[in-house]
Amino acid sequence: MASFSAIGVSGVGPSSTSFKTRDLPFSPRSLSFSSTISGEKITSKASSGSHHRAPVIVSPKAVSDSRNGQTCLDPDASRSVLGIILGGGAGTRLYPLTKKRAKPAVPLGANYRLIDIPAYASNLGGYKNEGFVEVLAAQQSPENPNWFQGTADAVRQYLWLFEEHNVLEFLVLAGDHLYRMDYERFIQAHRETDADITVAALPMDEKRATAFGLMKIDEEGRIIEFAEKPKGEQLKSMKVDTTILGLDDERAKEMPFIASMGIYVVSKDVMLDLLRDKFPGANDFGSEVIPGATSLGLRVQAYLYDGYWEDIGTIEAFYNANLGITKKPVPDFSFYDRSSPIYTQPRYLPPSKMLDADVTDSVIGEGCVIKNCKIHHSVVGLRSCISEGAIIEDTLLMGADYYETDADRQFLMAKGSVAIGIGKNSHIKRAIIDKNARIGDNVKIINGDNVQEAARETDGYFIKSGIVTVIKDALIPSGTII
């Protein structure tokens, strides 16, 4: 069965890693899209033939992510779409969280990892079909001695594998974004508009627009112009009528720009032609391949996503996104949506145990042991151990990869070292404590001097945007003040 697969890319050097997940579950839906399946070959009337098309009338339902619409894919996405998750680059903006792991493996929301979001956060239609996950690493070959040079190059180097799958489209996703999208609606919009490429777009106000790559559309939602982080008059020229994509008049006035999310649906034949023949030297989708396809006259369509989305590629954005799940009464991003659950690696941990602890406005992961301490507005990751008298405020604790036995702890104490976890009477505020960190007794990590940037790697921590980040496996001795 050909279906949803994904590859992710991490880095461009020898340490690069990539991910390919294949076929998240879909369920059969009522059918409306015109296509046929003949033998083992999936064909589509909408995607066959030349690029000379009759005019397409596009309704807002076809170009926006609306919860009120109904998904009707024929052929079903589980048999006709191959997904590709790009894991991101070297992760320099998230350093030191990426010092000992690829960006997609960075912990998120107490129990999860970044890769879990694009892989499982979508409503893909149920659980009736099975699939698989495959990891694709960056590699060198006689034909191409280079490591992955960018998003497009990473996909190009594995086209020989992707083209073996009998599918109609490739779904290209980013592995370092926090959002929840119904990919079936995205794919349906691609087919209904008879597009070669469909680009997921975010509505933007003028203040945020300068930080993104913007797109301009015509009255059918077709992309006709791109601008990378425009300012001044160039920014004003990129204003569009976002009611075309389904926003109401009031929202359209507030959000007159649309930005690319770096998420695409690309027809299979178009992808093969663009990467191999039209742009064989292009390394990036967003700045090279997609604008190039527009210049060739291909139908590149915008698809509006008007929901929560965050690029969590920086320490500050990552910190805010994590603490956002503690927000009352409704979090920025919910892990409790029954209609589109998020799955992760099962760890079979015991329930968390809280002994005389005062916990408010916080999220606690699995397998934690929390003793007689105060925790406020924080996210506590799995296997976290917090000792008596500790105060945790506005902090992300990532937890630990393993438990230490009582014998381990006694041995560490005997030699004057520190056990994994937060020591007695320590105070931590506005910080990220990475996994397996050893925080001694009476430690204060509060950034009292309001330092904004500092690199103290030999001491076990960095400060970025005023947020103290303790490195994975670091040891902060008892009595330390940061």
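Residues numbered from 1 in each chain as written. Predicted model: local features only at pLDDT ≥ 70, side-chain atom pairs only at ≥ 80, totals over all residues. Heavy atoms only, no water.

Trainee: Give me the pattern of salt bridges: which residues, what numbers.
Mentor: Applying the stated criterion across every chain, the model contains 21 salt bridges. Put simply, Asp473 and Lys100 hold a salt bridge, and the shortest N to O gap is 3.0 Å. Remark: Lys100 occurs in the loop between strand E5 (81-86) and strand E6 (107-108) and Asp473 occurs in the loop between strand E33 (467-470) and strand E34 (475-476); sequence separation between them is 373 residues. A residue is classified by how much of its surface remains accessible, and Asp473, at 35% relative accessible area, is partly exposed. (Salt bridge = Lys/Arg side-chain N within 4 Å of Asp/Glu carboxyl O. Helix = DSSP H or I, 4+ residues; strand = E, 2+ residues; numbered from the N terminus. Buried < 20%, exposed > 50% of the residue type's maximum accessible area, 1.4 Å probe, protein only.)

Trainee: A description of the sheet that holds strand E30 (residues 444-445) should follow, citing residues and the corresponding values.
Mentor: What holds strands together in a sheet is hydrogen bonding between their backbones, with the strands either parallel or antiparallel. Read from one edge of the open sheet, 5 strands run E18-E21-E24-E27-E30, paired in parallel fashion. Bordering the open sheet on either side are strand E18 (358-360) and E30, each of which pairs with just one other strand. (Pairing = 2+ DSSP bridges.)

Trainee: Could you give an account of the pairing of strand E9 (residues 169-174), naming the residues involved and the relevant values?
Mentor: The element E9 is extensively covered by neighbouring structure, given that 6 of its 6 residues are classed as buried. Here E9 shows two buried faces, one formed by Glu169, Leu171 and Leu173 and the other by Phe170, Val172 and Ala174. Two elements, E5 and E9, share 6 bridges in a ladder whose sense is parallel. Within the sheet, the bridge partner assigned to Gly83 lies in E9 and is Leu171. Pairing analysis gives 4 bridges linking E9 to strand E14 (residues 257-267), with the strands arranged antiparallel. What sits directly across from Val172, in E14, is Tyr264.

Trainee: Can you tell me about the nonpolar core, naming the residues and giving the values?
Mentor: Residues Val155, Phe162, Ile197, Ile258, Met271 and Phe285 are the most contacted members of the largest nonpolar core, which totals 45 residues. The greatest single-element share of this core, amounting to 5 residues, is contributed by helix H9 (residues 268-278). Counting 31 residues, the second-largest nonpolar core is a separate cluster that includes Val81, Ala119, Ala189 and Val265. (Core = buried A, V, L, I, M, F, W, Y, C linked by side-chain atoms within 4.5 Å.)

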